[in-house]
Protein chains: 4
Amino acid sequence: MNNFRNDYKDFGSPEIYREIEKLFDEKISGYGKDSLSNEARELIKKEVGRDADIEFISGGTAANILATTFVLRPYEAVLSCESGHITHHETGSIESTGHKVVTVHSEDGKIKPSQVNEVIKKHSSEVDVKIKLVYISQTTELGTVYSLDEIREIYKVCRENNLYLYIDGARLAHAMAANGTKIKDYAEICDVFTIGGTKNGAIFGEAMILVNDDMKENFRYYLKQKGAMMAKSFLIGLSFKVLFTDNLYYKNAKKAYEASRLLKQGLQKKNREIVFAESNQIFIKSSPEEIEKLKVDNEFEIENEEKSIIRLVTDYKTSDDDIRGFLESLI
Amino acid sequence: MNNFRNDYKDFGSPEIYREIEKLFDEKISGYGKDSLSNEARELIKKEVGRDADIEFISGGTAANILATTFVLRPYEAVLSCESGHITHHETGSIESTGHKVVTVHSEDGKIKPSQVNEVIKKHSSEVDVKIKLVYISQTTELGTVYSLDEIREIYKVCRENNLYLYIDGARLAHAMAANGTKIKDYAEICDVFTIGGTKNGAIFGEAMILVNDDMKENFRYYLKQKGAMMAKSFLIGLSFKVLFTDNLYYKNAKKAYEASRLLKQGLQKKNREIVFAESNQIFIKSSPEEIEKLKVDNEFEIENEEKSIIRLVTDYKTSDDDIRGFLESLI
Amino acid sequence: MNNFRNDYKDFGSPEIYREIEKLFDEKISGYGKDSLSNEARELIKKEVGRDADIEFISGGTAANILATTFVLRPYEAVLSCESGHITHHETGSIESTGHKVVTVHSEDGKIKPSQVNEVIKKHSSEVDVKIKLVYISQTTELGTVYSLDEIREIYKVCRENNLYLYIDGARLAHAMAANGTKIKDYAEICDVFTIGGTKNGAIFGEAMILVNDDMKENFRYYLKQKGAMMAKSFLIGLSFKVLFTDNLYYKNAKKAYEASRLLKQGLQKKNREIVFAESNQIFIKSSPEEIEKLKVDNEFEIENEEKSIIRLVTDYKTSDDDIRGFLESLI
Amino acid sequence: MNNFRNDYKDFGSPEIYREIEKLFDEKISGYGKDSLSNEARELIKKEVGRDADIEFISGGTAANILATTFVLRPYEAVLSCESGHITHHETGSIESTGHKVVTVHSEDGKIKPSQVNEVIKKHSSEVDVKIKLVYISQTTELGTVYSLDEIREIYKVCRENNLYLYIDGARLAHAMAANGTKIKDYAEICDVFTIGGTKNGAIFGEAMILVNDDMKENFRYYLKQKGAMMAKSFLIGLSFKVLFTDNLYYKNAKKAYEASRLLKQGLQKKNREIVFAESNQIFIKSSPEEIEKLKVDNEFEIENEEKSIIRLVTDYKTSDDDIRGFLESLI
C-alpha cells in the first residue's frame, strides 16, 4: 500500500526512541513540569526568540479549544474561515465551551484582512456576539500557505480592533518548509500559536506558544480543566526536545515537503488537474472510476465525493516508492 | 410621533388590567403552578386540540434557549436560517449552552426542506456535530409567513431524519392573522412551539407548547435552571387567560394585520418599493435622505443601512392617524 | 386563608398601577433603554450615592447567574454558604454556566470572613478551581441579617485576595427595615448587588447595581445572552421608578417588617420555639400534628419536614387579621 | 532518590517498546479505529466477558469528564465523595461542562449506599438538580479498596433510582491486585468504568468500557468534541494490546502491590502510624521535622500539611532498594 492518508500514521521519529532508551529508568515528574519538558521549553524559546510561555498539549483539538477560548468573556466569539478545522472537523468543540464561531467564506482556506473588518462591522450591537479572536491555520486545511505579510495584515487588523490572533500550527512545520519561514517569524505576528508535533514526527502532542501576556496567567488551570494536561506530559516534552535538537523538526518537514514536490511534479507530468499543492497536502481532481482503482493499492482521503477531489498527504517517512507507486496507479 | 418601531411598546391589553383590578387582593402562588396559569393552560389546550404541556416563559430569548437546547445531547446542533433570530439577535445564547447553530442561506427568511436534507448529508461523520433540531420562526424575522404545507414538508423531513422541529411563535399571532391558520394547525406539525404574548398584547411573556413527549419530562427543571421561571409567573398566566378569553388574542392580531394592510396600500399608492409585506412587519426601500426626514415624525428601525431598507411594524394599537402621518412624511 | 407562604404573591403596589394608567397610551422603547428605566436609574443612583451602572433583570435566579458569573474566567469559582440560594434552590444554574460553587457550612446562613480565608487556602493549586467571587445574601435564606460590619469584614478579605463580593439583595428591603441600613451603605462594601423588586411590591423584577468597573463593560451583552433582558423591560423600570418615589420601597419593607414583629411577639407570648426571626421570614418549630392543623386555614412553607420547622413570611400586604388568624390556629 | 511520588513516572512497560520496534514502519490509521486498537479491544472484551463498547482516552481527567457527563441532561448532576478526584483535583472540569457535582462526606474515600439514598431524598424538587450518576473510584483517592459487595450495593441503589454508576478505574489494576477481583467482576456492577493504563505501565492512556447501552451511541462524537480523541490513538491501543497479552497488566499491578506490602511491613516494624495502606498508595503520619529529613533522599507527596500526612506510592518498577532506602531515612 502506498499510504498518503495523513501525516500522523507513524510512531514518531526514531531519534525520540533512542532518547527514551537512554532515559528509560529515570523517574520523571508529571504534568509538564519535568526536566524534559523544561529542556524542550528552552530549545523552543530559542526558536521563538522572545518572551513566551510554552505548554505541551495532548492533541490538536484540545489545543484549539484552549487557545481560542481561554481569553474569551462569555459573549465573545471566534472568527474563522468556513474551512477552518474548528468549524467542522471538531464536532462543535468551541461551541461546547459556550462560544460561537463566526465564519467567513474563502476559496483557498485563507482569511482576508478585509473580511475581519466586515464581520466586526456587522457585529456592532449588544444582540450580536463580539468577535474577540481570529483563528487561522498555517498551513490551512487545504494545504495553502499564508505568506508572513498576509498574516501580518490580519494581525494589524486584529490589533486595531482589539482582537487576538491565534495561529493553529498543527502543520506549521509544513508551512515553514514550503515558504522558508521560521518559528520566530510567527511569534511576532500573533498572540498565541501552536507548533504541531503529531504531524511532524513527535510521538504525539503539540507545543503551545503563549506570546501575549493575557494568554499566560493561569493558563495551566484551563489546561487541566479541559482534560488536556497529561500525567505523562513528559512524553511530549521529550518529543519536542528531540525535535528541536539538531534541527530535526525542520529536517522532518523538509523531507515531507520534498516528497510532496516529487508527487506534484509527477502529477503535472501526467497533466492532472491540481486543486491545491502548496505544501504536504495535495488536492487533485480524480473521477469515481479512478478513485475505485486507486483504492486498490493506495490509501488517501476523499475530500469531496461529489467533485471527486482527493487528498494526498506526504510526511517525513514517505518514500520515492510510495510516490512512484501512486503515480503508476493513476488512470 | 408615529411609532412603527416594534410591536412591544405597550403595557398590554386593557382587558388584562381590568382583570388585575378584580383580582388585586388575591394571594397567588408562585412559579406558574397557580390557578391563573392553570386557567390559561386550559384555554390554550382547547386551542391546541391535543395533549401538550404548557409552560409560561419570561421572554422570547429565554424561550428559544429552552426549546432548542432542552432535548439536545452535547454533540447535537440546531439548524436555522441565517436570518433566524437565534443566530444573530440573541448574542450567542444557544452557543452559550454549548450547542452549535448551523445555518443555511435564505432570501426570504424561510428554510426549504431540501436544505435540511443537504445539511444533514454534509454532517455525516463523528467530526461533525449532529443536527438534531430545526428552528423556524412564524412569522419569520422578515415578516414572511410559512404556509402550513411548507412547514408540514419541513416536519416530514425532520421525522424522516429523527430531528425535532421547533416553531418560534413570537409573532405566531401575526402569522395567523395573515394566513388564517389556527393554533391547532401548528400543534400537528412540530414538536414544540411558542405562542407569543409580548408582541400581541400580553403584559409580557410567551406560552410554550410542548407537544412531543420528549420535550415534557423535567422541562420545568430547565426552565428554573436557565432563570426563566418567574416567581410571579402568574402575570403571564393571567395575560394568556385574558388573551384567550373572547378571542382577544386573535382580535389583537387582526387589528395589527389590518393596520399593516392599510400601510401597505398607502405605500403601494405611492409606488414605493416594498421588500416584504406579508404580515405586520413591512420592509421598504428608502434612501439616506428620506430616512433623515422620516425620523423627524416617525419611529422605526433601519434594517439595512447600506441598502436603506427600513422596517415598519404595526400592532393592535396602531391607529389610522399613525399610518396617515407616516405616509405623509414620505418624500 | 392566612397566607404566609412568601412575599411575592401580590400583583405589586397599587401606586405602580396608577402610574401605568397615566402612561397607558405611551409608546415605550424596549430592552431597558427607555425613559422610564432611565428615570428609575436616576432615582436609584441617588440612593446608591456613587458611580454605578444599573440594569433591570427579569428575576432573581437570572440576576444571580449574571452577577456571579459575568466576571469569571473558565477556571474560576463562586464561594457560597451551604444554604445560599444559588447552591440548592436554583437547579444548578451557576454550574450550568460552567462554574463551580464551593460551599462553606453555616448554621445561620452567614459566611464568616475566616471561612473565606480557609477556602482560599485550601484551593491553592492548579488542580483546584480558583475562588474569585463570594456570594452572600441579605437577608439570608434563613431571614438572618448581616450587620454592615460583618459584610465589611468579608469585603476586606475579598479585596485582600482579589475576589469580588456580590450581595444578593432579593430581600435587601427587608434587611434594611430590620437593621436600619440604607442602599448607599451596601454600595460601599461590595462590587455588585441587587435591589429586589419582586419581593417588595414591584410588579416583578430586580435592579442590579454594578459598582466595580470590571462588572460594567458589556454587561448588557451577557444580560441579552442569558435571556434576562426583557423586551418590555420598562415594566421593571416603571416599578422601580414608583418604588423609589416617596420612599415607597422603604415604606413597603417597613410594613412587612412590622407585621413580622407582631407575629414574632404573638409567637413569643405563646412560648413557641423560634428558630430565626430577624426579618420578614420567621422560622419556628412546629410538630407534624400541628402542621396538619395549621394547613386548614393558613398557607406557609415547611422548611424542614424532619424537624417540623415551618417558615412564615410577611409582606407589605400582610394584615393584622392574617397574623391573629394564624396565631389562633396554633395548638 | 527513592521515588514514591506517584505511579506514572515511567515511560511504560518495556514490552510495549519491543512491540513498537517490531511495528515501527507500519502506517497506522488514526483516531482509534486502527488494527492495534481493535486487537486491544478484542483482548479487553475477553476480560470484560460481556457486550461492551471500548474506547481509548488520552487521560484520566478527560475520561472522567466523558464518562460522567455524556449521558446527562442539562439539569442532572453527579454524586461523588468529597475526596473524589473529580471534585477537587480536576479544576472544576465537570462543572465546566455545565453539571453540578454533589458531594457526600466520607472518612475513607468510599460512598455508602445509604448516602446515595439520602442525597436523592434531599434533591426532590425542581429547584434542585437531579442526581443521575454516581461517581466512585477504585482504588479510591485514599488507596482504599471497595469490595465487590460494597459496589454491588451501591449499584443496586442506583438501579432502584434510575441512576448510572461510573467506576473511575485509574487505579483499577491496583485494586484488583489488592483484593483479587477481575475486570469481569466490575463489568457486572456498573454502567461504565475505566481500566487505567497510565498508572500501570501503559505509555499513557485509559480504556473506557461502556457497558450500558445508553453510554454507547455516538460516544465517539463526545470523545472528539472534548479533545480526547487522539490522532495517534493507536499508541493507547498498542499499550493495552501489550498489557493484556500474557497478563502483563495483572503482573505489573502485582509487582506494585507486593512492593507496597513490603513497605507497609517495614513501616509497621518501625511502629509507624499508618492512615491507609490497602493498596499501592500508603498514607502515613509523619512530622514536619521528619518530612524535611525525608525530602533529602526520597520523593513523595505531602497529602495534608497540617497533619503531616504523607503519601507513598509504589508501582511496577519500585525496587527493594527504594523501599529499604526510604525506611532507613525515617526518624
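Residues numbered from 1 in each chain as written. Chains lettered and ligands numbered in written order. Predicted model: local features only at pLDDT ≥ 70, side-chain atom pairs only at ≥ 80, totals over all residues. Heavy atoms only, no water.

Q: Any chance you could explain the domain arrangement of chain A here in plain terms?
A: Interface size is often expressed as the accessible area that is lost when the parts come together. All names here are of chain A. With domains assigned, chain A is organised as domain 1 (2-8 + 250-329) and domain 2 (14-243). Measuring from the centre of the C-alpha atoms in domain 1 to the corresponding centre in domain 2 gives 27 Å. Facing 17 residues of domain 1, the contacting portion of domain 2 comprises 24 residues. At the boundary of domain 1 with domain 2, total buried surface from both sides reaches about 1,700 Å², with 54% on carbon and sulfur atoms. When the area that domain 1 buries against domain 2 is broken down by residue, the three leading residues are Tyr250, Phe276 and Glu278, summing to 34%. Where domain 1 touches domain 2, the interface holds one salt bridge. A salt bridge links arginine 171 to aspartate 7; the nearest nitrogen and oxygen atoms lie 2.7 Å apart. Its residues assigned to classes, the side of domain 1 that touches domain 2 comprises eight nonpolar, four polar and five charged. (Domains from an automatic or database assignment. Contact = heavy atoms within 4.5 Å. Buried area = accessible area lost by both parts, 1.4 Å probe. Salt bridge = Lys/Arg side-chain N within 4 Å of Asp/Glu carboxyl O. Nonpolar A, V, L, I, M, F, W, Y, C, P; charged D, E, K, R; others polar.)

Q: Help me understand the UniProt feature "domain: Aromatic amino acid beta-eliminating lyase/threonine aldolase" (unreviewed entry) in chain A in this model?
A: Mapped onto this numbering, the UniProt entry annotates "domain: Aromatic amino acid beta-eliminating lyase/threonine aldolase" (unreviewed entry) at residues 30-275 of chain A. Between the first and last C-alpha atoms of residues 30-275 of chain A the distance is 45 Å; the span itself is 43% helix and 16% strand. (UniProt positions renumbered as here; feature names shortened; annotations may be inferred. Helix = DSSP H or I, 4+ residues; strand = E, 2+ residues; numbered from the N terminus.)

Q: Please explain the relation of the copies chain D and chain A as it appears in this structure.
A: Both copies of the chain are related by one operation, a rotation about an axis with a shift along it. Superposition record for chain D on chain A: RMSD 0.0 Å, screw rotation 180 degrees, translation along axis 0.0 Å. The symmetry that links the two subunits is that of a two-fold axis. Here 100% of the interface residues in chain D have copies in chain A that are interface residues too; the copies meet face to matching face. (Least-squares fit on C-alpha atoms with pLDDT ≥ 70 in both.)

Q: Would you mind showing me how to read the pairing of strand E7 (residues 192-196) of chain B here?
A: Strand residues, when the strand is regular, have side chains that alternate between the two faces of the sheet. All names here are of chain B. For E7, the tally of buried residues reaches five of five residues, placing the bulk of the element in the interior. Bridge analysis of strand E6 (residues 164-168) against E7 gives two bridges, and the strand direction is parallel. Each residue of the ladder has a partner; that of tyrosine 166, found in E7, is valine 192. In the sheet, E7 pairs with strand E8 (residues 206-210) via five bridges, with the strands oriented antiparallel. What sits directly across from threonine 194, in E8, is methionine 208. (Buried < 20%, exposed > 50% of the residue type's maximum accessible area, 1.4 Å probe, protein only. Pairing = 2+ DSSP bridges.)

Q: Can you help me understand empty space enclosed by the protein in this one?
A: Evaluation of the coordinates by the stated rule reveals seven cavities of 30 Å³ or more. If you add up the space inside the largest cavity, you get close to 670 Å³. Together, 42 residues line the largest cavity, and Ser96 of chain A, Ser96 of chain B, Ser96 of chain C together with Ser96 and Thr97 of chain D are the ones closest to its centre. Elements with a minimum of two residues in the lining of the largest cavity: helix H10 (219-225) of chain A, helix H10 (219-225) of chain B together with helix H10 (219-225) of chain D. Its residues placed into classes, the lining of the largest cavity shows 12 nonpolar, 23 polar and seven charged. Estimates place the volume of the second largest cavity at around 110 Å³. Along the walls of the second largest cavity sit Ile65, Ser93, Ser96, Thr97, Gln225 and Lys226 of chain B together with Ile65, Ser93, Ser96, Thr97, Gln225 and Lys226 of chain C, which together make up its complete lining. Listing elements by their share of the lining of the second largest cavity, those giving two or more residues are helix H5 (93-96) of chain B together with helix H5 (93-96) of chain C. The residue inventory of the lining of the second largest cavity, partitioned by class, reads two nonpolar, eight polar and two charged. (1 Å grid on protein atoms, 1.4 Å probe; cavity = no way out; pocket = protein on both sides within 12 Å on 5 of 7 lines; lining within 4 Å. Points joined across faces, edges and corners; volume = space filled by probe spheres on them.)

Q: Please explain the interface of chain D and chain A as it appears in this structure.
A: Contacts between the two partners involve 46 residues from chain D, matched on the other side by 46 residues from chain A. Between chain D and chain A, roughly 4,100 Å² of surface is buried when both sides are summed, and carbon and sulfur atoms account for 61% of that area. A salt bridge links lysine 317 of chain A to aspartate 25 of chain D; the shortest N-O distance between them is 3.3 Å. Where chain D packs against chain A, one counts 24 residue pairs in polar contact (both at pLDDT 80 or more). Those elements that place two or more of their residues in the side of chain D that touches chain A are helix H1 (14-23), helix H3 (60-69), helix H5 (93-96), H10 and helix H11 (234-243) of chain D. With four residues, the top contributor of residues to the side of chain D that touches chain A is H1 of chain D. Looking at the side of chain D that touches chain A residue by residue, the classes come out as 21 nonpolar, 14 polar and 11 charged. (Polar contact = N/O pair within 3.5 Å; in protein donor to acceptor, adjacent residues only side chain to side chain.)

Q: How do you make sense of helix H13 (residues 288-297) of chain D when you look at a structure like this?
A: Each turn of an α-helix holds 3.6 residues, which means side chains three or four residues apart point in the same direction. Residue and element names in this part refer to chain D. Regarding H13, the residues found buried are Glu290, Ile291 and Leu294. Angularly, the buried residues of H13 cover 100 degrees about the axis, an arc narrow enough to put them on a single face. Exposed side of H13, more than 90 degrees from the buried face: Glu289 and Val296 are the residues found there. For H13, the elements touching its buried residues are strand E11 (298-299), strand E12 (301-304), strand E13 (309-313) and helix H14 (320-329). (Arc of directions from axis to C-beta.)

Q: Help me out: how do you make sense of the sheet that holds strand E2 (residues 53-57) of chain B in this one?
A: All names here are of chain B. What the seven strands build is an open sheet, ordered E2-E8-E7-E6-E5-E3-E4; its pairing is mixed. A single partner strand is all that each edge strand has here, and the edge strands are E2 and strand E4 (101-104). Averaged over all pairs of adjacent strands, the angle between strand axes in this sheet comes to 25 degrees, irrespective of strand direction. Note: strand E3 (residues 76-81) against E4, four bridges, orientation parallel. Bridge assignment links leucine 79 to a residue of E4, and that residue is valine 102. Most of the contacts of helix H11 (residues 234-243) go to E2, to which it runs at about 115 degrees, and overall it touches E2, E7 and E8. (Axes fitted to C-alpha atoms, helices over the stretch in contact; angles between N-to-C directions.)

Q: Help me understand the side chain of asparagine 298 of chain D in this model?
A: Residue and element names in this part refer to chain D. Inspection of the secondary structure puts asparagine 298 in strand E11. Residue class for asparagine 298 comes out buried when judged on its relative accessible area of 3%. Polar side-chain contacts of asparagine 298 include one of 2.9 Å to the side chain of asparagine 2. For asparagine 298, the side chain forms a polar contact with the main-chain oxygen of leucine 294, separated by 3.0 Å. Ignoring sequence-local partners within four residues, the contact set of asparagine 298 consists of Met1, Asn2, Gly325, Phe326 and Ser329.

Q: Where do I start with the packing of helix H12 (residues 248-269) of chain A against helix H14 (residues 320-329) of chain A in this structure?
A: When two helices pack together, you describe them by how their axes are tilted relative to each other and by the distance separating the axes. Residues and elements named next belong to chain A. Their axes nearest at 10 Å, the elements H12 and H14 cross at an angle of 20 degrees. Classified by the angle between their axes, H12 and H14 sit roughly parallel to one another. For the crossing formed where H12 meets H14, the hand is right-handed. For the pair H12 and H14, the contacting residues are Ala259, Leu262, Leu263, Gly266 and Leu267 in the first and Asp320, Ile323, Phe326 and Leu327 in the second. The residue makeup of the contact of H12 with H14, split by class, is seven nonpolar, one polar and one charged. (Parallel < 35°, antiparallel > 145°, perpendicular 65-115°, else oblique. Left-handed = near helix turned anticlockwise from the far one by under 90°.)

Q: What is the right way to look at the interface of chain A and chain B in this model?
A: In this assembly, 16 residues from chain A lie in contact with 16 residues from chain B. Buried area between chain A and chain B, summed over both chains or domains, comes out near 1,300 Å², and the portion from carbon and sulfur atoms is 49%. When residues of chain A are sorted by the area they lose upon contact with chain B, Thr91, Glu95 and Lys100 of chain A head the list and together hold 40% of the total. Applying the counting rule to chain A against chain B returns two salt bridges. The interface formed by chain A and chain B contains 10 residue pairs in polar contact (both at pLDDT 80 or more). Considered class by class, the residues forming the side of chain A that touches chain B number three nonpolar, eight polar and five charged.

Q: Help me understand the sheet that holds strand E6 (residues 164-168) of chain C, please; the structure alone is not making it clear to me.
A: In a beta sheet, neighbouring strands pair by backbone hydrogen bonds and run either parallel or antiparallel. Residues and elements named next belong to chain C. One open sheet accounts for seven strands, arranged E2-E8-E7-E6-E5-E3-E4; its pairing is mixed. For this open sheet the edge positions go to strand E2 (53-57) and strand E4 (101-104), each flanked by a neighbour on one side alone. Averaged over all neighbouring strand pairs, the angle between strand axes comes to 25 degrees, with direction disregarded. The sheet strands contacting helix H2 (residues 35-48) are E2, strand E7 (192-196) and strand E8 (206-210), and the helix crosses E2 at an angle near 125 degrees.

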